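# Residue-level structure breakdown
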Amino acid sequence: IDWGDVYFDQGRPERIPGVIEAQFAEFARAGVTALALGGDHFISYPILRALHAQRGEALALIHFDAHSDTWSDAEFRIDHGSMFFHAAREGLVDPAHSIQLGMRTVNPETHGYQVLDARWLHREGIAATIAAIRARVGTRPCYLSFDVDFLDPAYAPGTGTPVVGGFSTHQALELIRGLAGIHVVGMDVVEVSPPFDYAAITAIAS
């Protein structure tokens, strides 16, 4: 993925914008709320950089996923398991007003994000989950990131790191519809892997 090269300016790492960041910077300047479809979840990072540069403020993040994607990582290594760690550390998103939902793997470090795991969602239900999202985000501009492995593998087998105990397409649709009116300035649906997608089940779901 061409997101830019790293160079040193007086010993400090800087990143040259790459293709994804540059394209989404154009969308942001035009006032377009874009939906990215993927592909590797890493793309959230350059998109957030573009939105942050244009808006000049940290965004709230609404993140549906089976994984936290906040694993502490080496400074110059950013991938689909660490991009929201870097986004928080760099001030692209404000963890105090961000929420992660549906996790079924354990990361003891929240980095300030509110984490409602799959057990919480299944126990408390759709209405309580929507209320929690709205309470956390409020009226702030936010980025919505939906990893298709938020869905149970029965509903989305075509992904690289499926985890059992997830959610149905009906539940996902109810959650998304329940966010009507939230100030979304960018979004993505990611981690669809066609080679693993039996009978196009994941393609239909996404």
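Coordinates for the structure precede this section.
Description of the structure in this document. (Residues numbered from 1 in each chain as written. Predicted model: local features only at pLDDT ≥ 70, side-chain atom pairs only at ≥ 80, totals over all residues. Heavy atoms only, no water.)

## Some points on the overall build of the protein chain
This is how it is decided: Counting from the N terminus, the helices are the DSSP runs of H or I reaching at least four residues and the strands are the DSSP runs of E reaching at least two. By definition in these notes, contact holds between two residues if any of their heavy atoms fall within 4.5 Å. Each accessible area is a Shrake-Rupley estimate made with a 1.4 Å probe; only the visible protein chains count as cover when residues are assessed.
Scanning the protein chain for helices and strands turns up seven helices and eight strands. Sequence separation of 24 or more characterises 70% of the internal contacts of the protein chain that already satisfy a separation of 6 or more. Carbon together with sulfur atoms contributes 56% to the accessible area of the protein chain, which is approximately 9,600 Å² in total.

## Examining the side chain of His-63
Definition in use: Pairs of N or O atoms are called polar contacts if they sit within 3.5 Å, as long as, within protein, a hydrogen donor faces a hydrogen acceptor (for residues adjacent in sequence, only side-chain-to-side-chain pairs).
In this structure, His-63 sits in strand β4 (residues 60-64). Engagement of the side chain of His-63 in a polar contact is seen with the side chain of Asp-65, the distance being 2.8 Å. Setting aside chain neighbours within four positions, we find His-63 in contact with His-41, Ser-68, Asp-69, Phe-84, Ile-99, Gln-100, Leu-101, Met-103 and Ser-145.

## Topic: the environment of Ala-88
Here is the rule we go by: The rule is simple: take the accessible area with a 1.4 Å probe, protein chains only, and divide by the maximum for that residue type; under 20% is buried, over 50% is exposed, in between is partly exposed.
With respect to the secondary-structure elements, Ala-88 resides in helix α3 (residues 83-89). Residue Ala-88 is classed as buried on the basis of its relative accessible area of 17%. Sequence separation of Ala-88 and His-111 is 23 residues, and the distance between their C-alpha atoms is 7.5 Å. For Ala-88, the contacting residues outside a window of four places in its chain are Val-93, Pro-95 and Tyr-113.

## Let's talk about the pairing of strand β8 (residues 184-190)
The condition is simple: The path from the first strand over the helix to the second decides the hand: if it runs clockwise while the strands point away from the viewer, the crossover is right-handed.
Taking burial as the measure, the seven residues of β8 include five buried ones, the bulk of the element. Between the parallel pair strand β7 (residues 142-147) and β8, the chain is carried across by helix α6 (residues 169-177), and the sense of this crossover is right-handed.

## Structural notes on helix α1 (residues 19-29)
Given 3.6 residues to a turn, an α-helix orients residues that are three or four positions apart in the same direction. Our working rule: Along the arc lie the directions from the helix axis toward the C-beta atoms.
For α1, every residue scored as buried is listed here: Ile-20, Glu-21, Phe-24, Ala-25 and Ala-28. What you see down the axis of α1 is that its buried residues fit within an arc of 130°, all on one side. Along α1, exposed side chains directed more than 90 degrees from the buried face belong to Val-19 and Arg-29. Contacts made by the buried residues of α1 are with β3 (35-37) and α2 (44-55).

## Observations regarding the side chain of Asp-188
Applied cut-off: His is not counted, nor are the chain ends; Lys and Arg add positive charge and Asp and Glu add negative charge. By salt bridge we mean one thing: a side-chain nitrogen of Lys or Arg within 4 Å of a carboxyl oxygen of Asp or Glu.
Its location among the elements puts Asp-188 in strand β8. For the buried residue Asp-188, which engages in no salt bridge, the nearest side chain bearing the opposite charge is Arg-49, 14 Å off. A polar atom in the side chain of Asp-188 sits 2.6 Å from the side chain of Ser-44. Leaving out residues up to four positions away in the same chain, Asp-188 has contacts with Leu-35, Ala-36, His-41, Ser-44, Tyr-143, Leu-144, Ser-145 and Phe-146.

Shape is all these values report; function is a separate question.
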